[in-house]
Number of protein chains: 2
Amino acid sequence: MTSFEQSHYSNQLGGILLKHQTPNTPLASGQPATFFPAGSEIYAQGEKCGNLYQVEFGAVRIYRLLSDGRRQISAFHLAGEMFGFEADKSHHFFAEAICGTGIRVLRPSASHVVAELLPMALQSLVRAQEQLLVLGRQNAVERVAAFFLEMSERQGGLRQVEFPMSRLDIADYLGLTIETVSRVFSKLKSKGIIRLPSLRCVEIVKLRTLQDMAA
Amino acid sequence: MTSFEQSHYSNQLGGILLKHQTPNTPLASGQPATFFPAGSEIYAQGEKCGNLYQVEFGAVRIYRLLSDGRRQISAFHLAGEMFGFEADKSHHFFAEAICGTGIRVLRPSASHVVAELLPMALQSLVRAQEQLLVLGRQNAVERVAAFFLEMSERQGGLRQVEFPMSRLDIADYLGLTIETVSRVFSKLKSKGIIRLPSLRCVEIVKLRTLQDMAA
DNA sequence: CCGTCGCGTTGATCCTGATCAAAGGCCCGG
DNA sequence: CCGGGCCTTTGATCAGGATCAACGCGACGG
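These numbers were taken from a predicted model, which means no experiment stands behind them.

K.L.:
Looking at this structure, I do not really get the packing of helix α4 (residues 167–174) of chain A against helix α5 (residues 178–190) of chain A. What am I missing?
P.N.:
In helix packing, the relevant descriptors are the interaxial angle and the interaxial distance, both defined with respect to the helix axes. All names here are of chain A. Where α4 contacts α5, the two axes come as close as 8 Å, and the packing angle between them is 100°. Taken as axis vectors, α4 and α5 run roughly perpendicular relative to one another. When α4 is examined against α5, the residues Arg167, Leu168, Ile170 and Ala171 are found in contact with a partner set consisting of Ile178, Val181 and Phe185. Taken together, the residues of the contact of α4 with α5 sort by class into six nonpolar, no polar and one charged.

K.L.:
Even after reading the chapter, I still don't get the sheet that holds strand β1 (residues 33–36) of chain B, so can you show me in this structure?
P.N.:
Whether parallel or antiparallel, the strands of a sheet pair through hydrogen bonds between backbone atoms. Residue and element names in this part refer to chain B. In spatial order, the strands read β1-β8-β3-β6; together these four strands make up an open sheet with antiparallel pairing. Looking at strand neighbours, the two that pair on one side only are β1 and β6 (82–83), the edges of this open sheet. Pairing geometry for β1 and strand β8 (residues 101–106), over four bridges, is antiparallel. Among the inter-strand pairings, phenylalanine 36 is bridged to a residue of β8, identified as threonine 101.

K.L.:
Just to check I follow, could you spell out the environment of B:Leu132 for this structure?
P.N.:
Position of B:Leu132 among the secondary structure elements: in helix α3 (residues 111–137). With relative accessibility at 0%, the residue B:Leu132 sits in the buried group. In this structure, B:Leu132 is in contact with A:Gln72, A:Ser74, A:Ala128, A:Gln131, A:Leu132 and A:Leu135, ignoring residues within four places of it in sequence.

K.L.:
Help me out: how do you make sense of unusual backbone geometry in this one?
P.N.:
Positive phi, normally seen in glycine, also occurs at B:Ala215, with a value near 55°. Residue class for B:Ala215 comes out partly exposed when judged on its relative accessible area of 41%.

K.L.:
How do you make sense of the packing of aromatic side chains when you look at a structure like this?
P.N.:
Summed over all chains, the structure comprises 20 aromatic pairs over all chains. On the numbers, 6.1 Å between centres and 50° between planes, the contact of B:Phe147 with B:Phe148 is tilted. Note on accessibility: B:Phe147 and B:Phe148 belong to one class, buried. A connected cluster of aromatic rings, assembled from ring pairs, spans A:Phe76, A:Phe147, A:Phe148, A:Phe163, A:Tyr173 and A:Phe185.

K.L.:
Would you mind showing me how to read the protein's contact with DNA strand C here?
P.N.:
Surveying the vicinity of DNA strand C reveals 17 residues, the closest of which are A:Ala140, A:Thr180, B:Arg167, B:Arg183 and B:Ser186. A distance of 3.1 Å is found between a phosphate oxygen of DNA strand C and a side-chain nitrogen or oxygen belonging to A:Thr177.

K.L.:
Please clarify how the nonpolar core should be interpreted in this entry.
P.N.:
The tendency in soluble globular proteins is for nonpolar side chains to be buried side by side. The biggest cluster of nonpolar side chains holds 37 residues, and the ones touching the most others in it are A:Phe147, A:Phe148 and A:Phe163. Broken down by secondary-structure element, the contributors of at least two residues to this core are β4 (59–65), β5 (71–78), α3 (140–154), α4, α5 and β11 (201–204) of chain A. Here the element with the most residues in this core is α3(A); it accounts for nine residues. Counting the residues that make up this core, at least three belong to each of domain 1 (3–115) and domain 2 (140–213) of chain A. Listed in part, the 34 residues of the second largest apolar core include B:Ala44, B:Phe94, B:Val144 and B:Leu210.

K.L.:
Explain the interface of chain A and chain B here, please?
P.N.:
Frequently, the measure chosen for interface size is the accessible area that the parts lose on association. If you look at the interface, chain A gives 37 residues, while chain B gives 37 residues. Between chain A and chain B, a total of about 3,500 Å² is buried, with carbon and sulfur atoms accounting for 69% of that surface. Taken as a group, A:Leu132, A:Leu133 and A:Arg137 account for 21% of the area that chain A buries against chain B, more than any other trio of residues on that side. For the interface between chain A and chain B, the tally reads six salt bridges. Note that B:Glu130 is salt-bridged to A:Arg64, the shortest N-O span being 2.7 Å. Inspection of the region where chain A meets chain B yields 14 residue pairs in polar contact (both at pLDDT 80 or more). Where the side of chain A that touches chain B is concerned, the elements lending two or more residues are β5, α2 (111–137) and α4 of chain A. Broken down by element, the side of chain A that touches chain B gets its largest block of residues, 17 residues, from α2(A). Split by residue class, the side of chain A that touches chain B holds 17 nonpolar, twelve polar and eight charged.

Thresholds, definitions, all that
- Residues numbered from 1 in each chain as written.
- Chains lettered and ligands numbered in written order.
- Predicted model: local features only at pLDDT ≥ 70, side-chain atom pairs only at ≥ 80, totals over all residues.
- Heavy atoms only, no water.
- Axes fitted to C-alpha atoms, helices over the stretch in contact; angles between N-to-C directions.
- Helix = DSSP H or I, 4+ residues; strand = E, 2+ residues; numbered from the N terminus.
- Parallel < 35°, antiparallel > 145°, perpendicular 65-115°, else oblique.
- Contact = heavy atoms within 4.5 Å.
- Nonpolar A, V, L, I, M, F, W, Y, C, P; charged D, E, K, R; others polar.
- Pairing = 2+ DSSP bridges.
- Buried < 20%, exposed > 50% of the residue type's maximum accessible area, 1.4 Å probe, protein only.
- Phe/Tyr/Trp six-rings, centres within 6.5 Å; stacked < 30°, edge-to-face > 60°.
- Near = heavy atom within 4 Å.
- Polar contact = N/O pair within 3.5 Å; in protein donor to acceptor, adjacent residues only side chain to side chain.
- Core = buried A, V, L, I, M, F, W, Y, C linked by side-chain atoms within 4.5 Å.
- Domains from an automatic or database assignment.
- Buried area = accessible area lost by both parts, 1.4 Å probe.
- Salt bridge = Lys/Arg side-chain N within 4 Å of Asp/Glu carboxyl O.

Okay, here's the thing in structure tokens:
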């Protein structure tokens, strides 16, 4: 979109997710992938929709804005995942590449795509509904703990989790501010529950404790 | 079974909802409807799933609980709407009748059901994702305003909105406490933006103002 | 007719997380 | 090697909504 978006919400670091590029792409065979640089828009709210997208490598954020600029990220999509489902003729959300990202466009008319569509949509629905519990009823520590556990689970249950998104992205996903996210990170670290080998990497040290915290 | 429900509570509410009972039931023709008294469970988290449900009359709440009892209602379903979609073999949520409610059970294997399934699921997905913005980024007044507008819209855009759910249900849907919900109701009323003809009825007086408040 | 119960409203105080502010690291270009 | 910009961290203060508490109100049942 505009310079506002760029200045506020783009990030430099691309390529972090390259390690996790093992997308199984049963639907995408033969389709060419398009590269989206970090921060670039895949589609915008209000645009006509109709296609589906699959992340080949990298990561995508799906979000909405309020008129005063407040942003809520409703979902992150990592390698292998599909997004772009809409109930309507036009998009209700924005989609942006978080880091350098390869995207395959799928024509939803293809029969093998249709077959996969419903399960994927249902998966997204359950995830969104579970996120409602986090945003509606959990405190800052619980939200961050849940985020770590979710990311770990989605990356195969590894204790070492790498994520491509900035603190601002995490904050806008969890309904918090960057300061609060940062403070919770520090607190969990000082308690020895996690380690922070680098800015965008977390190692879960006390899994059980973290699970208990996520309530 | 009906007699149970004719207790004062749903007596009022039952009558109210009758106005809106024009569910188009293309999927349900021939299926018998089951009656669920107010507060009764339709299915529980963890139960095996597989069926779909359509509200014939009345209203349903879909929710999740945290271990300490905190509750988040992820959706209300009114007459004509379908629910019970799951990505998995078992339910991730609870479903309860809010007031005396008639439910049709649909076998999702029926081909005509399958055809309707995807659009319904997508509709639910979009609604859940929009609710994420409310819970993550809007303050108490904005949430309540959005709730009134949503209910009005779902009841055909009428200015007079009647809802079957208690303040506690509304609070648990909006991620607030009953006290806060009550205070916001009072504030909007004192500003002349709404009128409260009865406990479970709101009349939107200044629609434009309310829309602006919902941001 | 009164007492009780469940739900809703209103008031007083507290606390979590937001906001405001400043400084610290990291990466880049020069 | 240095300087600047961006992201992150940390600190101080503020405020919105939660919590605690009391009361109102209508609907029953005795």
